[in-house]
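Coordinate analysis (summary)
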Amino acid sequence: MIGIETAFARSYAQARVKFLEAAASAGLAIESHPHPLLGRDGEVLAMDVALDGPADATQLLIVSSACHGVEGFCGSGVQVYALHDAEWRAHLRDRGVAVLYIHALNPYGFSHLRRATHENVDLNRNFHDYIRPLPLNEGYRALNPLLLPPEWPPGEDNVKAFSQYVATYGEAALQAVISGGQHEFPDGIFYGGVAPTWSNITLRGVLRRHGAKARRLGWIDLHTGLGPNGVGERIFACADDPAALQRARAWWGEGVTSFYDGSSSSALLTGLMWTAVYDECPQAQYTGIAMEYGTMSLMDVLQALRAEHWLHLHPEAPQAQAQAIKANLLQAYYTDTPRWQGQIVSQARQAMFQAADGLAA
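Calculation notes
Residues numbered from 1 in each chain as written. Predicted model: local features only at pLDDT ≥ 70, side-chain atom pairs only at ≥ 80, totals over all residues. Heavy atoms only, no water. Salt bridge = Lys/Arg side-chain N within 4 Å of Asp/Glu carboxyl O. Helix = DSSP H or I, 4+ residues; strand = E, 2+ residues; numbered from the N terminus. Buried < 20%, exposed > 50% of the residue type's maximum accessible area, 1.4 Å probe, protein only. Contact = heavy atoms within 4.5 Å. Pairing = 2+ DSSP bridges. Axes fitted to C-alpha atoms, helices over the stretch in contact; angles between N-to-C directions.

For side chains bearing opposite charge, pairing can occur when the charged atoms are close. For the structure shown, the criterion picks out 19 salt bridges. The partner of Glu-308 in a salt bridge is Arg-114, with the nearest N and O atoms 2.9 Å apart. Of this pair, Glu-308 sits in helix α12 (residues 298-313) while Arg-114 sits in the loop between α5 (107-112) and α6 (138-147), and the two are 194 residues apart along the sequence. Using a relative accessible area of 2% as the deciding quantity, one classes Glu-308 as buried. Residue Arg-114 is classed as buried on the basis of its relative accessible area of 5%. A salt bridge links Arg-204 to Asp-279; the nearest nitrogen and oxygen atoms lie 3.1 Å apart.

One can find Arg-16 in helix α2 (residues 12-25). With a relative accessible area of 16%, Arg-16 lands in the buried category. With sequence-adjacent residues up to four places away left out, Arg-16 is seen in contact with Ser-32, Val-44, Ala-46, Asp-48 and His-103.

To continue, consider the sheet that holds strand β4 (residues 98-103). Strand order across the open sheet formed by seven strands is β1-β2-β4-β3-β5-β7-β6, with mixed pairing between neighbours. Strand pairing shows two members of the sheet lacking a second neighbour, β1 (30-38) and β6 (232-236), which therefore form its edges. This sheet shows a mean twist of 20° between the axes of neighbouring strands, independent of strand direction. When β6 meets strand β7 (residues 285-294), the two strands line up antiparallel, connected through five bridges. Note on β7: the bridge partner recorded for Ile-235 is Ala-290. Most of the contacts of helix α4 (residues 86-95) go to β4, to which it runs at about 135°, and overall it touches β2 (44-52), β3 (59-64) and β4.

If you want it as structure tokens, here you go:
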């Protein structure tokens, strides 16, 4: 075993080393998919994959991190701790379940402290059938210039107009319009893209390679940024199927929320990553959740995200300002305290044990 704090890293490069060393020490083969670009410090970027269990396992659990790059500090810590957790690994063997760790779905965002990919795409809005028309988000059109003013901090007029929008429509409506995703403004926030990203294509290959034999497949995708600090909301991450929701609640408890019925802190979203399972592993009965850990208030997280996105559009910003913006974004998606880290690992560990039991039932 290792200490919980030891499992967490302070950079993508360090997180990757911790993950690769943990997988190697567990005797697992590592499959790396190099990213076309380099990291913030010139390091190699990759989506790294490690399978704990037989390659032909019919019961497979996926545990993934960094769908939204900067959120990877949380998810990577969970994965590294799990790879060192002898009790957890013995439980998997007893249940006949294999676990596939996918480390850094969006390694570029993880390294560069961005939520988006190198294409400026929100990976969790990018999984569409691009032969068909993409969903429209007309509400975002009016908000785009308010969200991304020409200067940061925003001027008085912008602050007043943005505050007026929130006062008129409410935070929930604001969240729904912004986080719902949009495909019209390539430089905007929560941009879903007009084609599959590198991460989308790479993940689909991983699912085809490792999920082909699965008859029952579970997925815990680790996220941060919504809800009370340190609380892990278990958000139903399947098609709107009553049987799948019943399975999810049987595995993870009646507290599993769903954006289909409005019980989740998440708005109704499209282009979600887990939909790839239905395309790439159609033979498998799929049950999944997004584990969403809270950090700051919704408005504080949104403000940090706006600032970082402004910085992305203004790379000429002074270095001191850029560093402060990046540090604030990291705090919005990762609470770097032993207490928070302990909450994250304990809740994730419980959910993973529950998933293994559910798959084996």
